[in-house]
Amino acid sequence: MAKIYKTTGEVLDIEPKNGTDFQLDELQAIVGGFIQIIEISDTEIMVMNEEGKLENLPFNEKATAIYQKSILGVEDFIEGDVLVCKDKEVL
């Protein structure tokens, strides 16, 4: 099941509205703008707001931890709410 990691620390389970894959409008609503997709494993992706830092969105501690753990050596951080899901759930 996909999860939304909110900047408040809250983690929400979510499924695509059509039951199989997230549509662009759903992804944009979750992250609050244009999307950026990062592969975090062979089967999982993180969908985030492409302009999160430019828009000064709040720091997302849990998403940053997932990102830094999945991409070793990275010291970057994530701002804004993100979606973590299976890659097959985003076409």
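This text follows the structure it describes.
Residues numbered from 1 in each chain as written. Predicted model: local features only at pLDDT ≥ 70, side-chain atom pairs only at ≥ 80, totals over all residues. Heavy atoms only, no water.

Draft legend 1. Layout of the packing of aromatic side chains. The final tally for this structure, using the stated rule, is one aromatic pair. Judged by centre distance (6.3 Å) and plane angle (50 degrees), the rings of Phe59 and Phe77 are tilted. One end of the pair, Phe59, is in the loop between strand 4 (44-49) and helix 2 (61-70); the other, Phe77, is in the loop between helix 2 and strand 5 (82-86), and 18 residues separate them in sequence. The class of Phe77 is partly exposed, set by a relative accessible area of 34%. The ring of Phe77 has Lys53 sitting right over it, with the charged end atom 4.5 Å from the ring centre. (Phe/Tyr/Trp six-rings, centres within 6.5 Å; stacked < 30°, edge-to-face > 60°. Helix = DSSP H or I, 4+ residues; strand = E, 2+ residues; numbered from the N terminus. Buried < 20%, exposed > 50% of the residue type's maximum accessible area, 1.4 Å probe, protein only. Lys NZ or Arg CZ within 6 Å of the ring centre and 35° of its normal.)

Draft legend 2. Structural detail: the sheet that holds strand 4. Taken together, the five strands give an open sheet; going across it, the order is 2-1-5-4-3, and neighbouring strands pair in antiparallel fashion. The open sheet terminates on both sides in strands that have one partner only, identified here as strand 2 (11-14) and strand 3 (35-39). Averaged over all adjacent pairs, the angle separating strand axes in this sheet is 25 degrees, with direction ignored. In terms of strand pairing, strand 1 (residues 2-5) meets strand 2 through four bridges, oriented antiparallel. Among the inter-strand pairings, Tyr5 is bridged to a residue of strand 2, identified as Val11. (Pairing = 2+ DSSP bridges. Axes fitted to C-alpha atoms, helices over the stretch in contact; angles between N-to-C directions.)

Draft legend 3. Representation of unusual backbone geometry within the structure. One non-glycine residue, Asn56, lies in positive phi territory at about 55 degrees. Along the chain, Asn56 turns up in the loop between strand 4 and helix 2. Relative accessible area serves as the criterion here: at 66%, Asn56 is assigned to the exposed category.

Draft legend 4. The arrangement of the layout of surface pockets in detail. Approximately 150 Å³ is the volume attributed to the largest pocket. Met1, Ala2, Lys3, Tyr5, Ile40, Glu44, Ile66, Val84, Cys85, Lys86 and Glu89 are the residues that line the largest pocket. At the level of secondary structure, the elements contributing two or more residues to the lining of the largest pocket comprise strand 1 and strand 5. Taken together, the residues of the lining of the largest pocket break down into seven nonpolar, no polar and four charged. (1 Å grid on protein atoms, 1.4 Å probe; cavity = no way out; pocket = protein on both sides within 12 Å on 5 of 7 lines; lining within 4 Å. Points joined across faces, edges and corners; volume = space filled by probe spheres on them. Nonpolar A, V, L, I, M, F, W, Y, C, P; charged D, E, K, R; others polar.)

Draft legend 5. Representation of the pairing of strand 5 in the model. Among the five residues that make up strand 5, four are buried, leaving the element largely enclosed by the rest of the structure. Bridge count between strand 1 and strand 5: three bridges; the pairing is antiparallel. The residue bridging Lys3 from the neighbouring strand is Val84, located in strand 5. In this structure, strand 4 lies alongside strand 5, joined through four bridges in antiparallel fashion. Among the inter-strand pairings, Ile45 is bridged to a residue of strand 5, identified as Cys85.

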